[in-house]
Amino acid sequence: MGTEYELLEWNEIENTIAEADDITKLSDLTDKLEAIRVIAKQSKQSLHVQNQIGEYRLIVERKKGEWLKDNIKHEGGKPSTDSTVTFLKDIDITRDESSKAQRIANLDKKEFERYIKETKDTNTELTVAGVVKLAKQLMRDEKIDDQVKKMQEKPLELPTGTFDVLVIDPPWKYGTK
């Protein structure tokens, strides 16, 4: 019917991922791996098999995020008059997909590999959502650490003198008697 779907053989997946060097190939690989993952889950394949597919999918998402960081003009600011600039809409990738892929790509390689290993070791399903959640948590922790460091470098000065302060604590109703 016009569109042919090639099967992706297990022994060639790593080579295919390594050779994928543009967003079209990476997106196609993402779609194929997601289809394989769904079929594996529906046919009640072992968690080991599902996680192997999931690991490949995460590797592709990470590679996709790296490509997007390097090649996509982020919208905002003045519109570009350069016709060679590529935008997400030009490559059929949503902002959400781009954001998730780039969050995964921003993860330190050791953290990424540790997540995969720990998830497999605990017999839990490897998911894009899980690694994105980890990336968000690590970003949040890093921001908090930076704020703590700034506060320790230059502590806040306490105000001196007297102040007119009015404290009000009305009897709020909390739904109890």
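For the structure itself, look to the data block above.
As a starting point, this report considers the structure included with it.

### Things to note about the overall build of the protein chain
Part 1 of the reasoning: Helix and strand counts for the protein chain stand at six helices and zero strands.
Part 2 of the reasoning: The helix and strand sequence of the protein chain, counted from the amino end, reads α-α-α-α-α-α.
Part 3 of the reasoning: Sorting the 177 residues of the protein chain into buried and exposed places 29% on the buried side.
Part 4 of the reasoning: Counted over contacts in the protein chain with a minimum sequence separation of 6, partners at least 24 positions apart contribute 70%.
Part 5 of the reasoning: Carbon and sulfur atoms provide 52% of the accessible area of the protein chain, an area that totals close to 14000 Å².

### Points about the environment of R62
Part 1 of the reasoning: Mapped onto the secondary structure, R62 falls in helix α3 (residues 47-71).
Part 2 of the reasoning: Sequence separation between R62 and F112 is 50 residues, and the spatial gap between their C-alpha atoms is 9.2 Å.
Part 3 of the reasoning: For R62, the contacting residues outside a window of four places in its chain are I104, A105, L107, D108, K109 and F112.
Part 4 of the reasoning: Polar side-chain contacts of R62 include one of 2.9 Å to the backbone oxygen of I104.

### Describing the pattern of salt bridges
Part 1 of the reasoning: Per the stated rule, a full pass over the model turns up 15 salt bridges.
Part 2 of the reasoning: Linking R37 and E125 is a salt bridge whose minimum nitrogen-to-oxygen distance equals 3.4 Å. Residue R37 is located in helix α2 (residues 23-42), and its partner E125 is located in the loop between α5 (109-121) and α6 (128-153); the two are separated by 88 residues in the primary sequence.
Part 3 of the reasoning: Note that K109 and E113 form a salt bridge whose closest N and O atoms lie 3.5 Å from each other. Residue K109 and its partner E113 are both found in helix α5; the two are separated by four residues, about one turn of the helix.

### Examining the packing of aromatic side chains
Part 1 of the reasoning: The full count for this structure, using the stated rule, is zero aromatic pairs.
Part 2 of the reasoning: Sitting above the plane of the F112 ring, R62 keeps its charged end 4.8 Å from the centroid.

Reading the values: rules and limits
Residues numbered from 1 in each chain as written. Predicted model: local features only at pLDDT ≥ 70, side-chain atom pairs only at ≥ 80, totals over all residues. Heavy atoms only, no water. Helix = DSSP H or I, 4+ residues; strand = E, 2+ residues; numbered from the N terminus. Buried < 20%, exposed > 50% of the residue type's maximum accessible area, 1.4 Å probe, protein only. Contact = heavy atoms within 4.5 Å. Areas by Shrake-Rupley, 256 points an atom, 1.4 Å probe, with all protein chains shown as cover. Polar contact = N/O pair within 3.5 Å; in protein donor to acceptor, adjacent residues only side chain to side chain. Salt bridge = Lys/Arg side-chain N within 4 Å of Asp/Glu carboxyl O. Phe/Tyr/Trp six-rings, centres within 6.5 Å; stacked < 30°, edge-to-face > 60°. Lys NZ or Arg CZ within 6 Å of the ring centre and 35° of its normal.

These values are about where atoms sit, not about what they do.
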